[in-house]
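Architecture at a glance
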Amino acid sequence: MRVSQEDFEKAKDQLKLLKEDPGNEEKLKLYALFKQATEGPCSSPKPGMLDFVKKAKWDAWSSLGSLSKDSARQKYVDLVSSLVSSESSSQVKDTTPDSKHGYETLQVTTTDHITKIMLNRPEKKNAITTQMYKEIIQALEEAAKDDSVITVITGNGDYYCSGNDLNNFTNIPSGGIEKMAKDGAVLLENFVKHFIDFPKPLIAVVNGPAVGISVTLLGLFDIVYATDRATFHTPFSELGQSPEGCSSYMFPKIMGLSKANEMLLFNKKLTAGEAYAQGLVTEVFPDRTFEKEVWIRLKAYANLPKNSLALSKQLIRGVEKEKLHAVNCQECERLRERWLSDECLNAVMSFFGKKSKL
Ligand SMILES: CCCCCCC/C=C/C(=O)SCCNC(=O)CCNC(=O)[C@H](O)C(C)(C)COP(=O)(O)OP(=O)(O)OC[C@H]1O[C@@H](n2cnc3c(N)ncnc32)[C@H](O)[C@@H]1OP(=O)(O)O
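A brief look at the structure comes next. The structure displayed is predicted, hence computed values, not measured ones. (Residues numbered from 1 in each chain as written. Predicted model: local features only at pLDDT ≥ 70, side-chain atom pairs only at ≥ 80, totals over all residues. Heavy atoms only, no water.)

**Quick notes on empty space enclosed by the protein**
Note the following rule: In the cavity and pocket records, a cavity denotes points on a 1 Å grid over the protein atoms alone where a 1.4 Å probe fits but cannot get out, a pocket denotes an open set with protein on both sides within 12 Å along at least 5 of 7 lines, and lining residues are residues with an atom within 4 Å of a point. Grid points are joined across faces, edges and corners, and a volume is the space filled by probe spheres set on the points. We call Asp, Glu, Lys and Arg charged. Ala, Val, Leu, Ile, Met, Phe, Trp, Tyr, Cys and Pro are nonpolar, and the rest, Gly among them, are polar.
Here the structure, examined in full by the defined rule, presents one cavity of 30 Å³ or more. Around the largest cavity, the lining residues are Leu119, Ile128, Ile136, Ile153, Tyr160, Cys161, Phe191, Phe195, Ser214, Leu217 and Phe221. In the lining of the largest cavity, the residues fall into ten nonpolar, one polar and no charged.

Take a look at the structure:
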């Protein structure tokens, strides 16, 4: 079927709407077909060797030989249509989150220059198992190297995270409880180290209540957005434990000593509004619009220049890094001892025995 002049004109207009440059090879083909369709075979003199652009165009047009105007028009329309459809299918692909495989306790995706690490044990309130600590470490290592501009940690379901999974203390290895405590301290120190050293802006999207280590780590994030449904609870004394995640240093620095003491010594649970007033949370959003508002904001941030953001973050955090590593080391050493204490063992047994809720 012969292609009409109207189809040809339409193809010309569609070409102008292409968002991506189709590349020189395709542009030369389009140029040649257009000239052939409108003027017929090339009869102009060959440009000089040094006039590269004109020569490339002349070569492309001449290569069509005696192709008829009708056939050139048809080929032009077909080429434009294939460029348009390949662009729209690649745009559909771009908006589909690139879900990373191999994680059992997390859902990790990268889209719109944002790597999102979602804690994914909603039925257990996203309590962090040994495996989840290891997977978060791996996800942070990958996010540090990928193309994303910012990295977000959030939770699936109604909780952000209920802290350390207390079952981590019930699976006693063959080396006994001392070995469990030693391995736990090594894992925890490495886990927290990955937050201290994370090279890109790290953002917490606190979608619900947060407990224990998921709260203490917030001092190592660059921004913390919370729903007004979120609460912040660090029940360390009740559990016979002591603070971690560098909170023994960062919390007094962020909120002042006495407010930090209320949380870290006396288990005071903060509302989102209180956490904002004390500087732990950057901004609180109504739960109804939380996801929408936060992600619009984050997508805009992720369009900022990647290297500039990373270097600025590293400048801001770099000053304190050595101190933070030392604090992390001390906190883990103290916890290793605590995990062997009756105070701690009784608290864990009480959680599982009586199913007592904090
Ligand atoms: C190996 C390295 C170790 C590093 C350790 C680092 C130090 C970290 C310290 C901390 O994080 S301390 C804080 C520890 N967390 C807690 O003490 C919270 C315990 N959980 C609760 O108090 C309650 O579950 C809740 C979070 C207040 C929610 O209560 P709710 O009534 O709404 O739901 P539940 O029915 O209790 O929970 C549903 C389901 O999830 C299980 N679960 C929740 N949190 C934990 C947890 N932290 N550990 C283990 N399991 C948890 C809960 O048992 C329920 O399970 P099922 O009964 O349905 O099987």
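Continuing now.
**Quick notes on the layout of surface pockets**
For clarity, the threshold we go by: Elements are defined by DSSP. Helices are runs of H or I of four residues or more, strands are runs of E of two residues or more, and each kind is numbered from the N terminus.
Taken as a whole, the largest pocket encloses approximately 1,200 Å³ of empty space. Contributing to the lining of the largest pocket are 48 residues, with Ser162, Gly163, Asn164, Asp165 and Leu166 lying nearest its centre. For the lining of the largest pocket, the secondary-structure elements that each account for two or more residues are helix H5 (130-145), helix H6 (176-196), strand E6 (210-211), strand E8 (231-233) and helix H14 (342-354). Looking at which element gives the most residues to the lining of the largest pocket, the answer is H6, with six residues. If you add up the space inside the second largest pocket, you get close to 440 Å³. Lining the second largest pocket are 24 residues, with Phe221, Asp222, Ile223, Ile316 and Arg317 sitting closest to its centre. Sorting the residues of the lining of the second largest pocket by element identifies strand E7 (223-227), helix H8 (247-255) and helix H12 (306-318) as the ones contributing at least two each. It is H12 that contributes the most residues to the lining of the second largest pocket, five residues altogether. When the residues that make up the lining of the second largest pocket are grouped by side-chain class, the tally is 15 nonpolar, four polar and five charged.

**Considering the sheet that holds E8**
Selection rule: Strands are labelled as partners when DSSP assigns at least two bridges between them.
Spatially, three strands are ordered E6-E8-E9 in an open sheet, and the strand pairing comes out mixed. The open sheet has two free edges, formed respectively by E6 and strand E9 (270-271), since each of these has just one partner strand. Pairing of E6 with E8 involves two bridges; the strand directions are parallel. Bridge pairing in E8 links Val211 to His233.

**Comments concerning helix H11 (residues 290-301)**
For the record, the criterion: Residue count minus one, scaled by 1.5 Å, sets the expected span of a helix. Throughout, exposure labels follow a simple rule: accessible area from a 1.4 Å probe, protein chains only, divided by the maximum for the residue type, with under 20% read as buried, over 50% as exposed, and the rest as partly exposed. It is the directions from the helix axis to the C-beta atoms whose arc is reported. What makes two residues a contact is simply this: any of their non-hydrogen atoms within 4.5 Å.
A rise of 1.5 Å per residue sets the reference length of H11, with its twelve residues, at 16 Å; its end C-alpha atoms lie 17 Å apart and thus fit the reference within 8%. Inspection of H11 places Phe290, Val294, Trp295 and Leu298 among the buried residues, and these make up the whole buried set. Looking straight down H11, one finds that the buried residues subtend no more than 100° of arc, so they occupy a single side. Exposed residues on H11 whose side chains face more than 90 degrees from its buried face are Lys292 and Ile296. The inward-facing, buried residues of H11 abut strand E3 (114-119), strand E4 (150-155), strand E5 (202-206), E7 and strand E10 (283-285).

**Observations concerning the side chain of Thr227**
The topology assignment puts Thr227 in strand E7. What Thr227 contacts, discounting residues up to four positions off in sequence, is Val206, Asn207, Gly208, Ala272, Val284, Phe285, Asp287 and Phe290.

**Comments concerning the pairing of E7**
Look at any regular strand and the pattern is simple: side chains alternate between the two faces of the sheet. Counting buried positions along E7 yields five of five residues, so the element is predominantly enclosed. Residues Ile223, Tyr225 and Thr227 of E7 are buried on one face, and the alternating residues Val224 and Ala226, pointing to the opposite face, are buried as well. For E5 and E7, the ladder comprises four bridges, and the chain directions are parallel. Across the sheet, Ile203 pairs through a bridge with Ile223, a residue of E7. For E7 and E10, the ladder comprises three bridges, and the chain directions are parallel. Paired with Tyr225 across the bridge in E10 is Glu283.

**Digging into the packing of H5 against H6**
What counts is decided by this rule: Here, axes are lines fitted to C-alpha atoms. For helices the fit covers the stretch in contact, and angles between N-to-C directions go from 0 to 180 degrees. Any angle from 65 to 115 degrees is called roughly perpendicular, while one under 35 is roughly parallel, one over 145 is roughly antiparallel, and all others are oblique. In this scheme the crossing of two helices becomes right-handed for a clockwise turn of the near helix relative to the far one and left-handed for an anticlockwise turn of less than a right angle.
Two numbers describe how H5 lies on H6: the axes approach to 10 Å, and their chain directions differ by 30°. Compared by their axis directions, H5 and H6 come out roughly parallel. Crossing geometry of H5 relative to H6 is assigned as left-handed. In this structure, H5 contributes Thr130, Tyr133, Lys134, Ile136, Ile137, Leu140 and Glu141 to the contact, and H6 contributes Leu187, Asn190, Phe191, His194 and Phe195. Here the contact of H5 with H6 is composed, by residue class, of seven nonpolar, three polar and two charged.

**Describing the environment of Gln74**
Following the sequence through the fold, Gln74 ends up in helix H4 (residues 69-95). Here Gln74 falls in the partly exposed class, since its relative accessible area comes to 27%. Distance in space between the C-alpha atoms of Gln74 and Arg2 is 7.3 Å, their sequence separation being 72 residues.

**Notes on unusual backbone geometry**
One non-glycine residue, Lys125, lies in positive phi territory at about 55°. Looking at where Lys125 falls in the secondary structure, it is placed in the loop between E3 and H5. One non-glycine residue with positive phi stands out, namely Asn126, at about 60°. By the element assignment, Asn126 lies in the loop between E3 and H5. Classification of Asn126 as buried rests on a relative accessible area of 0%.

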